[in-house]
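Here's the letter readout for the chains.
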Amino acid sequence: MPPRTQKPVVVIVDPKTPGNVGTIARAMKNFGLTDLKLVNPPEMGRDSEAYGFAGHAREDVLPNAEEVTFEEIVENYHTVGTTAITNEDSRKHVRFPFKTPLEVRESLETVETKTALVFGREGKGLNNEELARLDEVCSIPASSEYPVLNLGQAATVLFYELRTLTVEETQLPDVERERADEADVDRFYDFFSQFLDSVEHRDHKRPKTMRMMRRLLGRAHPTEREVHTLIGIFRRANRYLGERAYSADADADADSDADAKADADADAQVEPRPDDD
């Protein structure tokens, strides 16, 4: 199944360092983006840092990067400019209000539009005049002590959050987990209860311990394989503890028999005392 909306293009305005262009191209490749546009780019030959940092994106993303003007982007795309968080509020509208990457994804999921994700310069980013001409502003919440991400970091975070729009569902890893059947989970509880018997867990604490295990397993939502592994472990533990208990009982019985035999032997070795006249 293809992504649910048109993939955005990525625009870097006035990049100074070829390596940063390569880093962004690589992140694009990671998350299914292919259309890179550059405003006033530096020289980027095949032996430049751009290709060195691009990984497999050197095969298709970088070679196909298109040089454009800022005006062309503004005129032809719905634009989302990226910037660091500022202290601006509703009294100003250049960098406020902004959307988080998650909010950008949720917004783009509801429309079918040509979108450009616009990144600025290393160190300075997009200036106020450029941001004022863009449709939306995106910012990545970070520590107030150091909220500014470098160009490659910001791009990677945004691309990751948009991955459900840019990566085909058949290419995304299956992260859903199927919980084990309740019958198997109950089997595990039976073996765990037997285990408590085997280790002579105190009776007054057993209900609380069982309840704690139920809460723990309930929060974990274990898979079938995980539950079967736990069942196997506790089954073997119960068998081992049971065999040890049987062995201990047998040893105790043997010791009792040996003691009785020793007493009998001792009695047999005592010389009979003559009867008194």
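Cut-offs used in this document
Within each chain, residue numbers correspond to sequence positions counted from 1 in written order. Since the coordinates come from a predicted model, pLDDT governs what is reported: local features require at least 70, and pairs of side-chain atoms require 80 or more to be given and counted, while whole-chain, interface and lining totals use all residues. Side-chain numbers come from the whole structure's heavy atoms, not from hydrogens or water. UniProt positions are given in the numbering used here, feature names are shortened, and annotations may be inferred rather than shown by experiment. A run of H or I in DSSP counts as a helix once it spans at least four residues, and a run of E counts as a strand once it spans at least two, with each numbered from the N terminus. Only protein chains enter the accessibility calculation, which uses a 1.4 Å probe; a residue is then buried when its area is under 20% of its type maximum, exposed when over 50%, and partly exposed in between. Contacts between residues were defined by any pair of non-hydrogen atoms, one from each residue, lying within 4.5 Å. We get accessible surface area from the Shrake-Rupley algorithm with a probe of 1.4 Å; when it comes to residues, only the shown protein chains can shield them. The span expected for a helix works out to 1.5 Å for each residue beyond the first. The arc in question is the one traced by the directions running from the helix axis out to the C-beta atoms. In the sections that follow, a salt bridge refers to a side-chain nitrogen of Lys or Arg positioned within 4 Å of a carboxyl oxygen of Asp or Glu. At least two DSSP bridges between two strands are required for those strands to pair. Convention used here: a crossover is right-handed provided that the path from the first strand, over the helix, to the second strand proceeds clockwise when the strands point away from the viewer. Put simply, a patch holds well-exposed residues, over 30% relative accessible area, that have no salt bridge, with like charges counted together within 9 Å and Val, Leu, Ile, Met, Phe, Trp or Tyr side chains within 5 Å. When charges are counted, Lys and Arg are positive and Asp and Glu negative, with His and the chain ends excluded. All charge positions are set by atom: Lys at NZ, Arg at CZ, Asp at CG, Glu at CD. Pairing of aromatic side chains here covers Phe, Tyr and the six-membered ring of Trp, requires ring centres within 6.5 Å, and sorts the geometry by plane angle: under 30 degrees stacked, over 60 edge-to-face, intermediate tilted. Only when the NZ atom of a Lys or the CZ atom of an Arg is both within 6 Å of the ring centre and within 35 degrees of the ring normal do we say a charge sits over the ring.

The name given to the protein chain in an unreviewed UniProt entry is RNA methyltransferase, TrmH family, group 1, with Halopelagius inordinatus as the source organism. In its Sequence similarities (unreviewed entry) section, UniProt records this for the protein chain: "Belongs to the class IV-like SAM-binding methyltransferase superfamily. RNA methyltransferase TrmH family."

Draft legend 1. Representation of the overall build of the protein chain in the model. Helix and strand content of the protein chain: ten helices and six strands. Buried positions account for 34% of the 277 residues belonging to the protein chain. Sequence-distant contacts, at least 24 apart, represent 82% of the contacts inside the protein chain between residues at least 6 apart. Per element, the accessible surface of the protein chain, about 17700 Å² overall, is 48% carbon and sulfur.

Draft legend 2. Spatial organisation of helix α9 (residues 206-220). For α9, with 15 residues, the first-to-last C-alpha span of 21 Å sits near the 21 Å given by 1.5 Å per residue. Looking only at α9, the buried set comprises Arg 206, Thr 209, Met 210, Met 213 and Leu 217. Projected onto a plane normal to the axis of α9, the buried residues spread over an arc of 100° and lie on a single side. Of the residues in α9, the exposed ones pointing more than 90 degrees away from the buried face are Lys 208, Met 212 and Arg 219. Of the residues one or two after α9, His 221 is the one with positive phi, at around 45°.

Draft legend 3. Representation of the pattern of salt bridges in the model. Enumeration over the complete set of coordinates arrives at 13 salt bridges. Across the salt bridge formed by Arg 105 and Glu 109, the nearest N and O atoms sit 2.9 Å from each other. Taking the relative accessible area as the measure of exposure, Arg 105 reaches 16% and is therefore buried. A salt bridge links Glu 161 to Arg 105; its shortest N-O distance comes to 3.9 Å. Remark: Arg 105 occurs in helix α4 (residues 101-108) and Glu 161 occurs in helix α6 (residues 151-161); sequence separation between them is 56 residues. On the accessibility criterion, Glu 161 (21% relative accessible area) is partly exposed. A single salt-bridge network, built from bridges that share partners, covers Asp 14, Lys 16, Arg 121 and Glu 130.

Draft legend 4. Main features of the pairing of strand β2 (residues 36-39). Taking every second residue as pointing to the same face, both faces of β2 are buried, with Leu 36 and Leu 38 on one and Lys 37 and Val 39 on the other. In the sheet, strand β1 (residues 9-13) pairs with β2 via four bridges, with the strands oriented parallel. By the bridge assignment, Ile 12 is partnered in β2 with Leu 38. In terms of handedness, the path from β1 via helix α1 (residues 18-30) over to β2 forms a crossover that is right-handed. Taken together, the three bridges between β2 and strand β3 (residues 66-68) define a ladder with parallel strand orientation. Counterpart to Lys 37 in the pairing with β3 is Glu 66.

Draft legend 5. Spotlight on a positive patch on the surface. Taken together, Arg 202, Lys 205, Lys 208, Arg 211, Arg 214 and Arg 215 make up a surface patch of like positive charges. Positionally, Lys 208 belongs in helix α9.

Draft legend 6. Representation of the packing of aromatic side chains. What the rule picks out here adds up to eight aromatic pairs. Between Phe 188 and Tyr 189, the ring centres sit 5.8 Å apart and the planes meet at 55°, which makes this aromatic pair tilted. Using a relative accessible area of 2% as the deciding quantity, one classes Phe 188 as buried. Summarising the aromatic geometry, the rings of Phe 192 and Phe 195 are spaced 6.4 Å apart at their centres and angled 25° between planes, so their arrangement reads as stacked. Of this pair, Phe 192 and Phe 195 both sit in helix α8 (residues 182-198), three residues apart, which is roughly one turn of the helix. Chaining the aromatic ring pairs together yields one cluster made of Phe 188, Tyr 189, Phe 192, Phe 195 and Phe 234. Here Lys 114 stacks its cationic end above the ring of Tyr 77, 4.9 Å away from the centre of that ring. Its guanidinium or amino end placed over the ring of Tyr 189, Arg 214 lies 4.1 Å from that ring's centre, counting from NZ or CZ.

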